Amino acid sequence: MGGIEKSKRLCLVEKHVADSEAVYQYWHQPKHQPDLADFWYAYGHHRDEASFARSTEQMCVMCSDFPFHDDEGRQVNNVRKLGFFTIFWISYDNGRPCMTVDSGYGSKTVSLIRTRTRPILHNALNFALDDSTDSQRTWSMISSWMENCSSYHDRCKGESEEVKYRPSRLLEAHYPESLDSGNVPTFRLVKGDRCPQNSFYVTLSYRWGNKPLENTIRLLKSTSSWLEELNPIAQLPKTLRDAMRIAHRFGVQYLWIDRLCIYQDSPEDWRREAGSMQDVYRNGSFCISALSAEDDEGGCFSSRDPSLVAPTAIYLQADGGTFRADLEDSAWFTTFRNEPLTQRAWVLQERLMAPRTIYFGHRQVFWECLELHACETHPEGFGEFHPANDSLSTEQHGMCNEVDTPLWKQLIATPSAPRPIKDPQLRIYRDWSTIVGLYSTTELTIPSDKLVAVSGLAKDVRKKLQGLRPGKHRYLAGLWEDVLIETLLWYVRIGSNAERAASYRAPSWSWASLDGDIIMPEWFPKETFILSSVLSFEIELVGEDDTGEVKSGVLTLYGPACRVELGVFSSNQHWVKAFQDLDGNLIEARKTKEGWQTEPSVVFDTTDDSRDDIFCLWLMAQPSVLRDWQASGLALQCVGDNMFRRVGTVATSHTNQVEAKNFVETFAQRKIKVI
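Residues numbered from 1 in each chain as written. Predicted model: local features only at pLDDT ≥ 70, side-chain atom pairs only at ≥ 80, totals over all residues. Heavy atoms only, no water.

(A) Focus on the packing of helix α16 (residues 424–440) against helix α17 (residues 455–468). Across the interface, α16 lies against α17 with an axial gap of 10 Å and an inter-helix angle of 175°. It follows that α16 is roughly antiparallel to α17 by the angle criterion. Contact with α16, carried on its side by Pro-424, Gln-425, Ile-428, Tyr-429, Trp-432 and Ile-435, involves Leu-457, Ala-458, Val-461, Lys-464, Leu-465 and Leu-468 of α17 and no other residues of that element. In terms of residue class, the contact of α16 with α17 is built from 10 nonpolar, 1 polar and 1 charged. (Axes fitted to C-alpha atoms, helices over the stretch in contact; angles between N-to-C directions. Helix = DSSP H or I, 4+ residues; strand = E, 2+ residues; numbered from the N terminus. Parallel < 35°, antiparallel > 145°, perpendicular 65-115°, else oblique. Contact = heavy atoms within 4.5 Å. Nonpolar A, V, L, I, M, F, W, Y, C, P; charged D, E, K, R; others polar.)

Below, the structure is given as structure tokens:
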């Protein structure tokens, strides 16, 4: 947007807001400066809804996430009478100008930050972009990130100075010294242990796409001999060609690309290589992420309109200065989060393992390492990012050792640790729960990969736990034995839909049995009162890797049990009408003067699991964030003689620990098996 002297004055702001829904927002913010006449007026913004919608699609910070309060009246209101779909005005808040956009049925106000005159870089915000992410300016920025990371990031250098690891196979790229030589760039498949000892390799993170597999170049028993010969890089899909060019630009000759380095027609080789994925990505020099490509022909680079990506400079003539919206500081977030690659399940593990990643998005390029998150519009980093992914850093602990450092690097556009946890072992379990929650919202092409795609992360957790306390640290189909009772109480986000896998891939008590938005317990307060015990567990594996695929799983539990009668419901949450003991006697929970602290409820795993009554095994009671106490258990369906299947979770709230404990102890103990 240009200066407001270039926008049409429509009316005095007071005249507009006096008969508009914007009156509350306007009169409840500090007034405009009375000596600046330009600030007395409302100005034209978007002429029609189509123009506004285009601006929203282009990620304008003023138009995105705009609140419309009354869709039915959007055709006739005070703004429409002025000949516009939206208008705006400027006011002051403690000396800082604010811009309000009003549609007549919703308004949005943002603060404006003064910049230097026509800035290129101001407050770590870059305004100078070219029309392609393959431009020299962009490459200079990427090279700067890489050089700073390699030279000055101690944590990143520490990650890359480990013993040289080589994947089983790598792709070796050959580029002619001169483009005029007539030679073409070539590649071939080589054994990892035959590469020079001082050589580096990079990894590629991308989407295969939906085209038939027979139409893709893959490592098969029938193609291995051909791939081991020199072949033109031009024969590869565009994304793979771009990746080789990016690696070559940084002087790296070797690449690891899954479909060309793992036999795609050998289950044994795939299972073995998938089990070492964490080592492959962790030891790569960097990872190339084709963030915006829908498939292997999408490529890494994008054309763009710089004016739609660069921050908007707003010139206010009356104030004699150039400003920008404070929302520009986080405008990158939605762009990154909505890129196609972030929806791919395998990518989460790849991102966490890679020491540094270059993301090639459709609007701009992003950088991610242990000490910096950045992009082209924020080349010096995002303000909210801190190198440690836990508020208890090594400096706060007064020590710096392997077991106290964060388990994985903090990822771009993901939540940081919600609260500090002093116990390093519980921090690890908290990190695992966070990762499972993020992972649950992604998509798998092959449903049976659910546990395999986080197998490397599970191995990382076990290694870290063993560094803290030697032991087996058994992994049970996505859950850890040490916090099994607590984490059995994962649940599907209320209001969302989940589906059980069509073919068996995990027992019903594991989150891996579902496709949906999973909430994992991340808080393990020391006051937690465990109500049930795990008598035994049996896990049958597909292979030898206990972090991989499973054939079956049975838990034998012992604890207080009851029957629950359910009433009205909202989405996947049903309210409890009554609790009964196993003899059918009605049990009335202890109540405060107002009754329940909150209504007891059951959150079902899927809509198919919904029913009018369930069997409940109480697992634990603990303090809640509302400062009351919550008793929680598994909602179960009987499927055989003392055999049950999980269908959800049960929760009740009580004023204190004693009431919660007394309520649960009303019920008799029962030994059951859950499959």
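(B) Representation of unusual backbone geometry in the model. With a phi close to 55°, Asp-65 is a non-glycine residue in the positive phi region. By the element assignment, Asp-65 lies in the loop between α3 (49–57) and α4 (78–81). Given a relative accessible area of 69%, Asp-65 falls into the exposed group. Non-glycine residue Ala-477 carries a positive phi angle of around 50°. Along the chain, Ala-477 falls in the loop between β19 (475–476) and β20 (479–480). (Buried < 20%, exposed > 50% of the residue type's maximum accessible area, 1.4 Å probe, protein only.)

(C) Up close: the sheet that holds strand β12 (residues 254–256). The strand order across the open sheet formed by 9 strands is β11-β9-β8-β12-β10-β13-β16-β17-β18, and the pairing between neighbours is mixed. Of all strands in the sheet, those with a lone pairing partner are β11 (231–232) and β18 (373–375), marking the two edges. The sheet contact formed by strand β8 (residues 169–174) and strand β9 (residues 186–191) spans 6 bridges and is antiparallel. Each bridged residue has a counterpart across the sheet, and for Glu-172 the counterpart in β9 is Arg-188. Helix α5 (residues 136–152) contacts β16 (356–360), β17 (365–369) and β18 of the sheet and is inclined by roughly 5° relative to β17. Packing against the sheet, helix α8 (residues 238–249) makes contact with β8, β9, β10 (201–205), β12, β13 (287–289) and β16, and its axis sits at approximately 150° to β10. (Pairing = 2+ DSSP bridges.)

(D) Seen up close, the packing of helix α14 (residues 345–353) against α17. One way to put it is that α14 packs onto α17 with a least axis distance of 9 Å and a crossing angle of 40°. Accordingly, the angle class assigned to the pair α14 and α17 is oblique. Contact with α14, carried on its side by Gln-349, Leu-352 and Met-353, involves Ser-455, Gly-456, Leu-457 and Asp-460 of α17 and no other residues of that element. Looking at the contact of α14 with α17 residue by residue, the class counts come to 3 nonpolar, 3 polar and 1 charged.

(E) Examining the nonpolar core more closely. Counting 112 residues, the largest nonpolar core has Phe-360, Trp-432 and Trp-511 as the members making the most contacts within it. Sequence-distant contacts of Trp-432, that is, excluding residues within four places in its chain, are made with Trp-408, Val-454, Leu-457, Ala-458, Val-461, Tyr-475, Gly-478, Trp-480 and Trp-511. (Core = buried A, V, L, I, M, F, W, Y, C linked by side-chain atoms within 4.5 Å.)

(F) Representation of α17 within the structure. With 14 residues, α17 ought to run about 20 Å at 1.5 Å a step, and its terminal C-alpha atoms sit 20 Å apart, in line with that. Taken together, the buried positions of α17 are Ser-455, Gly-456, Leu-457, Ala-458, Asp-460, Val-461, Arg-462, Lys-464 and Leu-465. Taken together, the buried residues of α17 touch α11 (277–283), α14, α16, β19 and β20. (Expected span 1.5 Å × (residues − 1).)

(G) Region of the structure containing the packing of aromatic side chains. Throughout the structure, instances matching the rule amount to 25 aromatic pairs. With a centroid separation of 5.8 Å and an interplanar angle of 85°, the aromatic rings of Trp-432 and Tyr-475 are classed as edge-to-face. Of this pair, Trp-432 sits in helix α16 while Tyr-475 sits in strand β19; the two residues are 43 residues apart in sequence, bridging distant segments of the chain. Each member of the pair, Trp-432 as well as Tyr-475, carries the same accessibility label: buried. Note on Trp-432 and Trp-480: the rings are 6.0 Å apart at their centroids and 85° apart in plane angle, and the pair reads as edge-to-face. Of this pair, Trp-432 sits in helix α16 while Trp-480 sits in strand β20, and the two are 48 residues apart along the sequence. (Phe/Tyr/Trp six-rings, centres within 6.5 Å; stacked < 30°, edge-to-face > 60°.)

(H) Examining the environment of Gly-104 more closely. Following the sequence through the fold, Gly-104 ends up in the loop between β4 (96–102) and β5 (107–115). For the pair formed by Gly-104 and Asn-77, sequence separation is 27 residues and the distance between their alpha carbons is 6.0 Å.

(I) View of the pattern of salt bridges. This model, assessed by the stated rule, comprises 29 salt bridges. For Glu-368, the salt bridge identified is with Arg-351, shortest N-O distance 3.2 Å. One end of the pair, Glu-368, is in strand β17; the other, Arg-351, is in helix α14, and 17 residues separate them in sequence. We note that Glu-368, like Arg-351, is buried. Where Lys-450 meets Asp-515, a salt bridge forms, and the shortest distance between an N and an O atom there is 3.3 Å. Of this pair, Lys-450 sits in the loop between α16 and α17 while Asp-515 sits in strand β23 (residues 514–515), and the two are 65 residues apart along the sequence. Lys-450 sits in the buried class, given a relative accessible area of 3%. Connected via shared salt-bridge partners are Arg-500, Asp-605, Asp-609, Arg-645 and Arg-646. (Salt bridge = Lys/Arg side-chain N within 4 Å of Asp/Glu carboxyl O.)

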